[in-house]
Amino acid sequence: MLDLAISIVYCALLYSISARATGCPLRCECSEAAHTVKCVSKDLRSVPSGIPGYTRNLFITGNQISRIGPESFKGLDNITTLSLSNNRITEVESQTFSGLRSLRTLDLSSNQLSVIHPEAFTVPGYTLRELNLSRVLYNHSAVTDLASSLRWSTLGQLRTLDLSGNRLIYLPLNTFSYLGSVRRLVLANNSLVAIHNGTFSGLSSLEQLDLTLNALRTIQEEGLAELDTLPPGTRLLLGENPWTCMCGMEPFAAWLNASRGRVEDAEVLACAFPPDMRNTPLLRVAAAGPAGAGGHGAVLGCPRVGEGADLALQTSYVFLGIVLGFVGLVFLFVLYLNRRGIKQRINGMREACTEVWEGYHYRYELDSDPRLSQVSTTADI
Ligand SMILES: *[C@@H]1O[C@H](CO)[C@@H](O)[C@H](O)[C@H]1NC(C)=O
Ligand SMILES: *[C@@H]1O[C@H](CO)[C@@H](O)[C@H](O)[C@H]1NC(C)=O
Ligand SMILES: *[C@@H]1O[C@H](CO)[C@@H](O)[C@H](O)[C@H]1NC(C)=O
Ligand SMILES: *[C@@H]1O[C@H](CO)[C@@H](O)[C@H](O)[C@H]1NC(C)=O
Ligand SMILES: *[C@@H]1O[C@H](CO)[C@@H](O)[C@H](O)[C@H]1NC(C)=O
Ligand SMILES: *[C@@H]1O[C@H](CO)[C@@H](O)[C@H](O)[C@H]1NC(C)=O
């Protein structure tokens, strides 16, 4: 019995020593030659301890980790690539990665962040080059946290930022203000409906902006002006948006025609609405020009500028006519209702007139009778 206990303790000791020697945490695979540690789909609840110091590439993916903080990565200053994708991380604390002084690539994709500390992504020495935050937000409410962490963390050397699949409806102003080195910004698979003045300000090194699979129906002139402020040569991806080919989208269509060189997928952009325009290439809408004057393009069915004015004038005339007609009707109706009173009044007036007339007539007759006048004159004498 004692022998068994001793041998168990001995085995345990031996195991722990050998584990320390090979330096690999339980349920992980370590390769010293490749400087890589993988703990993939192992039901881990937290970042395991005992990750060897030589580790440069650390993959702790597909587990159940829900919280990470600065203590999770103590002494791992050789890590350059860290992937924590597909976990259940809900919160990233301040300075979580600030011990990782060589970190270049951080992948947090497919988590459920609802709390992101402003300095969550701070890495000393501005080493971070790639940040994958695809499908990372629990819901859209976390976007303000996200925006402030992108402003407050030291991301001045970041080259690639993936924010796809986050159900983003809008981007807070100045979200990208301090990302002057970002070359590739992925905003695909969100729900963005508009681009505003300032949305992309600060992205002075941008080379590719991916806006595919959003909720853009058109881009207003404000958004077009904003896209025009991007560094020249920035390639845009705008596919799979519900482009709505109705009046008001002409500026966008014309911009698209003029920006073919920049919009990589310009040729495949097509109307999604209205139904009779479905799948019509946007460039054909553009070719129709501002009121479909070109003839060979698809027509938006908008009134021309002059036509519009005419139409407005006609409309106002018709309206005036209707109003006048109505007033007339009311007048007639009032007359009809008062017909008795009016008849009486007319009769009264007629009588008054007759009296006046007769009186006048009588006097006239008197005046015009020479004898009578003579009588009066003689009488005066
Ligand atoms: C990091 O790597 C260097 C060189 O490969 C090594 O000397 C150092 O001990 C490593 N750091 C840790 C914490 O193991
Ligand atoms: C970010 O992660 C997602 C899913 O893990 C992947 O599909 C995507 O390619 C990554 N983004 C970048 C820029 O590598
Ligand atoms: C997002 O989730 C939080 C926490 O569950 C909740 O309080 C908030 O209302 C949600 N926001 C939206 C827009 O659903
Ligand atoms: C878009 O993102 C949602 C999550 O927000 C995800 O379920 C879906 O698979 C993504 N679609 C594509 C085409 O990547
Ligand atoms: C955008 O905003 C800036 C100030 O924030 C202003 O100077 C500029 O005129 C605006 N541009 C447009 C197109 O509204
Ligand atoms: C489209 O752009 C071409 C030059 O790229 C230009 O010649 C043409 O007039 C434009 N068409 C319209 C309708 O704006």
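What counts and how
For every chain, the first residue of the written sequence is number 1, and numbering continues from 1 onward in sequence order. Chain letters and ligand numbers both follow the written order, the letters beginning at A and the numbers at 1. Confidence filtering applies because this is a predicted model: local features only for residues at pLDDT of at least 70, side-chain atom pairs given and counted only at 80 or more, and all residues used for totals across whole chains, interfaces and linings. What counts as a helix is a DSSP run of H or I of at least four residues, what counts as a strand is a run of E of at least two, and both are numbered from the N terminus. Think of it as a crowd count around each C-beta: if 20 or more other C-beta atoms lie within 10 Å the residue is buried, if 12 or fewer it is exposed, and in between it is partly exposed, with C-beta placed from the backbone throughout. Two residues form a contact once the distance between their C-beta atoms, set from the backbone, is within 7 Å. Paired strands, in this sense, are two strands between which DSSP finds at least two bridges. Helix axes are fitted to C-alpha atoms over the stretch in contact, other axes to C-alpha atoms as well, and angles between N-to-C directions run from 0 to 180 degrees. To be clear, the arc concerns the directions from the helix axis to the C-beta atoms. What makes a residue near a molecule or strand is its C-beta atom, placed from the backbone, lying within 6 Å of it. Each residue receives one of three labels: charged for Asp, Glu, Lys and Arg, nonpolar for Ala, Val, Leu, Ile, Met, Phe, Trp, Tyr, Cys and Pro, and polar for the others, Gly being one of them. UniProt positions are given in the numbering used here, feature names are shortened, and annotations may be inferred rather than shown by experiment. Along the chain, pLDDT gives the predictor's confidence residue by residue, from 0 to 100.

The name an unreviewed UniProt entry assigns to the protein is Trophoblast glycoprotein-like, from the organism Esox lucius.

(A) Structural view of the overall build of the protein. When helices and strands are counted, the protein shows 8 helices and 13 strands. Scored against the burial criterion, the 381 residues of the protein give a buried share of 27%. Residue pairs at least 24 apart in sequence account for 62% of intrachain contacts in the protein once pairs closer than 6 positions are excluded.

(B) How the structure looks around the sheet that holds strand S13 (residues 235–237). Here we have 10 strands laid out as an open sheet, ordered S1-S2-S3-S5-S7-S9-S10-S11-S12-S13, and mixed in their pairing. The sheet is open, and its two edges are formed by strand S1 (29–31) and S13, each paired on a single side. When strand polarity is set aside, the average angle formed by the axes of neighbouring strands in this sheet is 5°. Sheet topology places strand S9 (residues 130–132) next to strand S10 (residues 160–162); 3 bridges connect them, and they run parallel. The residue bridging Glu130 from the neighbouring strand is Thr160, located in S10.

(C) Region of interest: helix H4 (residues 250–258). All buried positions along H4 are accounted for by Glu250, Phe252, Ala253 and Leu256. Buried positions in H4, seen along its axis, are confined to an arc of 160° and lie on one side of it.

(D) Highlighting the site of ligand 3. Ligand 3 sits among Ser114, Tyr138, Asn139, His140 and Ser141. Here the residues of the shell around ligand 3 sort into 1 nonpolar, 4 polar and no charged.

(E) The sheet that holds strand S8 (residues 115–116), seen in detail. Read from one edge to the other, the open sheet built from 3 strands follows the order S4-S6-S8, with strand pairing classed as parallel. Every other strand in the sheet has two partners, leaving strand S4 (67–68) and S8 as the edge strands with one partner each. Relative to strand S6 (residues 91–92), S4 runs parallel, the two sharing 2 bridges. Looking at S6, one finds that Arg67 is bridged to Glu91.

(F) Local environment of helix H2 (residues 143–152). For H2, every residue scored as buried is listed here: Val143, Leu146, Ala147, Ser149 and Leu150. An end-on view of H2 places all buried positions within 165° of arc, on one side of the element.

(G) Just the environment of Val268, in detail. By the element assignment, Val268 lies in the loop between H4 and helix H5 (282–287). Linking Val268 and Glu240, residues 28 residues apart in sequence, is a C-alpha distance of 9.1 Å.

(H) Quick peek at the UniProt feature "domain: LRRNT" (unreviewed entry) in the protein. The positions UniProt marks with the feature "domain: LRRNT" (unreviewed entry) are residues 23–57. Within residues 23–57, the helical portion is 0% and the strand portion 20%, while the C-alpha atoms at the span's ends are 15 Å from each other.

(I) Representation of the confidence of the model for the protein within the structure. For the protein, per-residue confidence averages 84 on the pLDDT scale, and 79% of positions sit at 70 or higher. Predicted confidence for residues 8–21 stays below pLDDT 50, and this span has 1 contact to residues more than four positions away or in other chains. Scored below 50 in pLDDT, residues 375–381 makes 0 contacts in the model with residues more than four places away or belonging to other chains.

(J) Expanded view of unusual backbone geometry. A cis amide bond links Phe273 with the next residue in sequence, Pro274, at an omega value of -15°. Relative to the assigned elements, Pro274 resides in the loop between H4 and H5. Non-glycine residue Arg27 carries a positive phi angle of around 65°. Position of Arg27 relative to the elements: it lies in the loop between helix H1 (2–22) and S1. Positive phi values are uncommon outside glycine, yet Asn86 reaches one of about 60°.

(K) Seen up close, the environment of Glu250. Of note, Glu250 is situated in helix H4. It is 8.3 Å that separates the C-alpha atoms of Glu250 and Leu300, two residues lying 50 residues apart in sequence.

(L) Looking closely at the environment of Leu192. Structurally, Leu192 is set in the loop between strand S11 (184–186) and strand S12 (208–210). With 19 C-beta atoms packed within 10 Å, Leu192 lands in the partly exposed category. The residues touching Leu192, leaving out its near neighbours within four places in the chain, are Leu168, Ile169, Tyr170, Leu187, Leu211, Asn214, Ala215 and Leu216.

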